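Here is what each chain is made of, one letter per residue.
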Amino acid sequence: MERLRAELRRHEHLYYVLDAPEISDAAYDGLMRRLQELERLHPGLPVPPDSPTRRVGGAPREGFVKVRHSAPMLSLDNALNEGELADFDRRVRELLGGEEFIYTAELKLDGLSMAVHYEDGLLARAITRGDGEVGEDVTENARTIRTLPLRVPGGRRRFEVRGEVMMTRRAFEKLNAECEAQGLKTYANPRNSAAGSLRVLDPSITAARQMEFFAYFLLEDGQPAADSQWKALKELRGMGFKVNPNVDHCAGIDELTRYCREWGERRDSLPYEIDGVVAKVDQVEQQRRLGWTSKAPRWAIAYKFAAQQSETVVERIDVQVGRTGVLTPVARLRPVVVGGVTVSNATLHNEEEIARLDVAEGDEVVVERSGDVIPKVVEVKTRPRTRRLFEMPKDCPVCGSEVVRAEGEVARRCVNSSCPARLKESLLHFSARPVMDIDGLGEKIVDQLVDGGMVKSVADLYGLGWERLADLERMGEKSARKLVESIDGSRRKPLERVIAGLGIPFVGERTAQLLAAALGGMDALAQADEARLQAVEEVGPKVAQSIRRFFEEPHNRELVERLRAAGLQFISEAPGRMGIGPLAGMTFVLTGTLPNLTREAAKEMIEAAGGKVTGSVSKKTSVVVAGAEAGSKLDKARDLGIEVWDESRMLDKIGAGRNE
Ligand code: IVH
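In short, a report on the structure. Within each chain, residue numbers correspond to sequence positions counted from 1 in written order. Local features are withheld for residues below a pLDDT of 70 in this predicted model, meaning they are given only at 70 or higher, and side-chain atom pairs are given and counted only at 80 or more; totals for whole chains, interfaces and linings count all residues. As a rule here, side-chain values cover all heavy atoms of the structure and leave hydrogens and water aside.

Describing the environment of Arg-557
Secondary structure follows DSSP: runs of H or I at least 4 residues long count as helices, runs of E at least 2 residues long count as strands, and numbering of each begins at the N terminus. If you trace the backbone, Arg-557 turns up in helix α21 (residues 554-565). Classification of residues uses two cut-offs on accessible area relative to the type maximum, computed with a 1.4 Å probe and protein chains only: under 20% is buried, over 50% is exposed, and between them is partly exposed. Of the residues examined, Arg-557 reaches a relative accessible area of 45% and is grouped as partly exposed. Between the C-alpha atom of Arg-557 and that of Ala-526, which follows or precedes it by 31 residues, the distance is 8.7 Å. The contact criterion used is simple: two residues touch if any of their non-hydrogen atoms lie within 4.5 Å. Residue contacts for Arg-557: discarding those within four places in its chain leaves Phe-551 and Glu-552. The definition of a polar contact used here is a pair of N or O atoms within 3.5 Å, where within protein one atom must be able to donate a hydrogen and the other to accept one, and adjacent residues in sequence count solely through side-chain atom pairs. Within the local environment of Arg-557, its side chain forms a polar contact with the backbone oxygen of Glu-552, the two atoms lying 3.3 Å apart.

What follows is the structure, given as structure tokens:
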């Protein structure tokens, strides 16, 4: 078995890292199956954590634990053109007082950064960037990335590698084709699909997604482990990591500019997306002297390429009605490849934008795609002699209701809150991955559900049976059952997702999280006045007013009640559920009267410290906090040998955590 493992590891490295396979895929699969078989037949022999069979993905998980980075994962300052790049170079030269130095120039890979820790030569933990200070533990998913070694033989025992998780354009297009065939939502670009694939709860999904990891930093105790960036890359390559081969040493701004120009022109020839160049002062000793600002190192810069543009023709201008009823003109384009991705629609935002561009059907235009924003029309190249000028419809193009333009707003809205277009958008929003994550509810299915009258409100989703769904186009019994299962499963999604799902204007995922944590329940949210709402972190007058208006609308109150009846989560699990705080991962039961704190206050404090409070004592209880006249719960805790704290002990624990 060990021989097979070594053999498989060698072939993985040849295939995934060096792009130089020695055996066919079928032969590789054969070796893998043989190893799986042997491991199955010998349950007495432990399967080591770096066995290639461990790449296929373990059991799905409940959520991700938050972990603090060894040193912050900061981002880089940007140079948006060659002038800004030269400014950066000048600053570096000045700060180094005329001393000689060189740059290591690397491609700026357009994925998401990740930190991977190795202990005793074994992959121990992989953490997403998160907010730069705290990321999420995605170890099980990262293990399935074939270009990430599970074991690194050699000198260093404890080290950290930082790099970029990527999806090739090909893997991205294949994934989107699969999503589309199954009626699922597609991803906007390879970076989003890589991010989505890394953060799925089921590692076997990550495993199937063909992700890559390019290493670009080698750290020990949060500090650079080699004395130059160039050497670090070389060492990483020697350790078996995939390092992007297109790196260069540049001896000054001229060489650096040339490198940037060259890759700006060649970027489409790469199988993955890049959005610029990263230049780093090579010597770590010089990096140390240059130091950091609060946001970014002074020794590196990200030179961003200009957005990619192509020319095409506007075949038609359609008007779409969004979730909040806003009418948005959309240019239907003759399909054109922009930076390696086919684009056939571009937003025109609103009628003022159309007037500004002076664009009409039949015009030849320049379209642009930058980062993950929706493609947009930036300029008209040629206009045919006779043109039909675009006019915003006076009635909703979908339901025919009146369209109004609120004072001071550019946007026009359909006034009908049950307009099918709005309902469709609401359903898509509600079921989106970061919201209620209902798999299988793509556009084609939503269209049929709404047009066929099966769904008149988001709450109707919870009454759908698979038998009726199976009759829809693109559905069969199997996918219908799966959809119902997925809808069922969404009942367990936490309160913040339900809040986000309501589609309250200005309440996105993050605001929903803050609201759920601060108010603890849907009823508290629905009843809170504007002052209470504004006391919540990041909630200002505009958001507070929007929330109030939402809950004053009888339609919306009815929707909320129906969602309650459907069994959705209306109580926050625990604000500290994030897995951070001194009491993270612990379950508490409160009993008796505490000397200073009310039961409610104690509960809130425990939750704020990351703990969970439940009502009854069981084997799963970590600690019982007991006050005066504690009764049977305290007895039960003693029976089960569960730790008992008094109030001051509890406060100590929470306080100690705060000072850490
Ligand atoms: S160095 C403080 N090197 O670009 C050091 N970053 O704005 C920062 N990126 O968050 C990272 N390719 O996700 C570095 N060769 C490369 C990179 C790279 C892509 C990303 C990375 C980072 C962002 C910096």
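Next comes the rest of the description.
A few points about the state of the cysteines
Here, a disulfide means two cysteine sulfur atoms that sit within 2.5 Å of each other. Taken as a whole and judged by the stated rule, the model has zero disulfides. Free of any disulfide, Cys-396 has its nearest neighbouring cysteine sulfur in Cys-399, separated by 3.8 Å.

A short note on the packing of aromatic side chains
Two rings from Phe, Tyr or Trp (for Trp, the six-membered ring) form a pair when their centres sit within 6.5 Å of each other. Planes less than 30 degrees apart are called stacked, planes more than 60 degrees apart edge-to-face, and all others tilted. Taken as a whole and assessed by the stated rule, the structure comprises 13 aromatic pairs. Arranged with centres 5.6 Å apart and planes meeting at 90°, the rings of Tyr-118 and Phe-241 form a pair that is edge-to-face. Of this pair, Tyr-118 sits in strand β4 (residues 112-119) while Phe-241 sits in the loop between α8 (229-239) and β10 (248-250), and the two are 123 residues apart along the sequence. Owing to a relative accessible area of 1%, Tyr-118 belongs among the buried residues under this scheme. Judged by centre distance (5.3 Å) and plane angle (55°), the ring pair of Phe-214 and Tyr-272 falls under tilted.

Concerning the sheet that holds β4
Two strands are said to pair when DSSP picks up at least two bridges between them. Taken together, the five strands give an open sheet; going across it, the order is β5-β4-β7-β8-β9, and neighbouring strands pair in antiparallel fashion. Edge positions in the sheet fall to β5 (122-128) and β9 (223-224), since each has one partner strand and no second. Note: strand β7 (residues 159-167) against strand β8 (residues 211-220), eight bridges, orientation antiparallel. What sits directly across from Met-167, in β8, is Met-211. Angles shown run from 0 to 180 degrees and are taken between the N-to-C directions of axes, each axis being a line fitted to C-alpha atoms and, for helices, limited to the stretch in contact. Packed on one face of the sheet, helix α6 (residues 190-198) meets β4, β5, β7 and β8 and runs near 125° to β7.

Here's the deal with the packing of helix α3 (residues 82-95) against helix α9 (residues 253-266)
Helix-helix packing is described using two parameters, namely the angle between the two axes and the distance between the axes. Their axes nearest at 11 Å, the elements α3 and α9 cross at an angle of 145°. The chirality of how α3 crosses α9 is right-handed. For the pair α3 and α9, the contacting residues are Glu-82, Leu-85, Ala-86 and Asp-89 in the first and Ile-253, Leu-256, Thr-257, Cys-260 and Arg-261 in the second. Any residue that is not Ala, Val, Leu, Ile, Met, Phe, Trp, Tyr, Cys, Pro, Asp, Glu, Lys or Arg is counted as polar, Gly included; the first ten are nonpolar and the last four charged. Here the contact of α3 with α9 is composed, by residue class, of five nonpolar, one polar and three charged. Two helices cross in a left-handed way if the nearer one is turned anticlockwise from the farther one by less than a right angle. They cross in a right-handed way if the turn is clockwise.

A closer look at the environment of Lys-231
Turning to its location among the elements, Lys-231 is positioned in helix α8. Lys-231 sits 360 residues away from Thr-591 along the chain, and the two C-alpha atoms are 60 Å apart. Among the polar contacts listed, one links the side chain of Lys-231 to the side chain of Asp-227, at a separation of 2.9 Å.

Brief notes about the site of the ligand
The ligand sits among 14 residues. The nearest are Glu-106, Lys-108, Leu-109, Glu-164 and Lys-280. Within the contact set of the ligand, an oxygen atom lies 3.2 Å away from a backbone nitrogen or oxygen of Leu-76. In the environment of the ligand, a nitrogen atom lies 3.4 Å from a nitrogen or oxygen atom belonging to the side chain of Tyr-216. Here, Shrake-Rupley sampling with a 1.4 Å probe gives the accessible areas, and only protein chains in the shown set may cover a residue. Contact with the protein chains hides 90% of the accessible area of the ligand, taken as 520 Å² for the molecule alone. Looking at the shell around the ligand, the elements with two or more residues in it are β3 (103-109), β8 and β11 (274-281). The element best represented in the shell around the ligand is β3, accounting for four residues. Tallied by class, the residues present in the shell around the ligand amount to eight nonpolar, two polar and four charged. Nearness here has a simple test: a residue counts as near a molecule or strand if at least one of its heavy atoms is within 4 Å of that partner.

Considerations on the sheet that holds β11
Sheet strands pair by backbone hydrogen bonding; their relative direction is either parallel or antiparallel. Spatial ordering of the open sheet is given by β2-β12-β11-β3-β10, a layout of five strands whose pairing is mixed. Edge positions in the sheet fall to β2 (78-79) and β10, since each has one partner strand and no second. Sheet topology places β3 next to β11; seven bridges connect them, and they run antiparallel. Note on β11: the bridge partner recorded for Thr-104 is Lys-280. Set on the sheet, α3 makes contact with β2, β3, β11 and β12 (300-304); between it and β12 the angle comes to about 170°. Across the face of the sheet, α8 comes into contact with β3, β10 and β11 while running at roughly 55° to β3.

Here we look at the pairing of strand β14 (residues 327-338)
Bridge analysis of strand β13 (residues 308-321) against β14 gives seven bridges, and the strand direction is antiparallel. Across the sheet, the residue bridging to Val-319 is Pro-329, located in β14. Both β14 and strand β15 (residues 341-347) contribute to a ladder of six bridges, which runs antiparallel. Counterpart to Val-337 in the pairing with β15 is Thr-342. Counting the residues that bridge the hairpin from β14 to β15 gives two residues, and of these Gly-339 lies at a positive phi of roughly 55°.

Remarks on the side chain of Glu-164
Along the polypeptide, Glu-164 turns up in strand β7. Here the side chain of Glu-164 touches Leu-112 through a polar contact of 3.5 Å, landing on its backbone nitrogen. Separated by 2.8 Å, the side chains of Glu-164 and Tyr-216 make a polar contact. What Glu-164 contacts, discounting residues up to four positions off in sequence, is Leu-109, Asp-110, Gly-111, Leu-112, Ser-113, Glu-212, Phe-213, Phe-214 and Tyr-216.

Concerning unusual backbone geometry
For His-349, which is not glycine, the phi dihedral falls at a positive 65°. Following the sequence through the fold, His-349 ends up in the loop between β15 and α11 (351-357). For His-349, a relative accessible area of 39% corresponds to the partly exposed category. Despite not being glycine, Phe-506 has its phi angle at roughly 75°, a positive value. By secondary structure assignment, the location of Phe-506 is in the loop between α16 (495-501) and α17 (509-519).

Notes on the pattern of salt bridges
Salt-bridge detection follows one rule: a side-chain nitrogen of Lys or Arg within 4 Å of a carboxyl oxygen of Asp or Glu. All told, the structure shown has 49 salt bridges when counted by the stated rule. Its salt-bridge partner being Arg-146, residue Glu-12 comes within 3.6 Å of it at the nearest N-O pair. With Glu-12 in helix α1 (residues 2-17) and Arg-146 in the loop between α4 (139-142) and β7, this pair connects stretches of sequence that are 134 residues apart. Judged by relative accessible area, Arg-146 falls into the buried class, the value being 17%. With a closest N to O distance of 2.7 Å, Arg-156 and Glu-235 form a salt bridge. Note that Arg-156 is positioned in the loop between α4 and β7 and Glu-235 in helix α8, a separation of 79 residues in sequence. A network of salt bridges, in which partner residues are shared, links Glu-351, Glu-352, Arg-405 and Arg-412.

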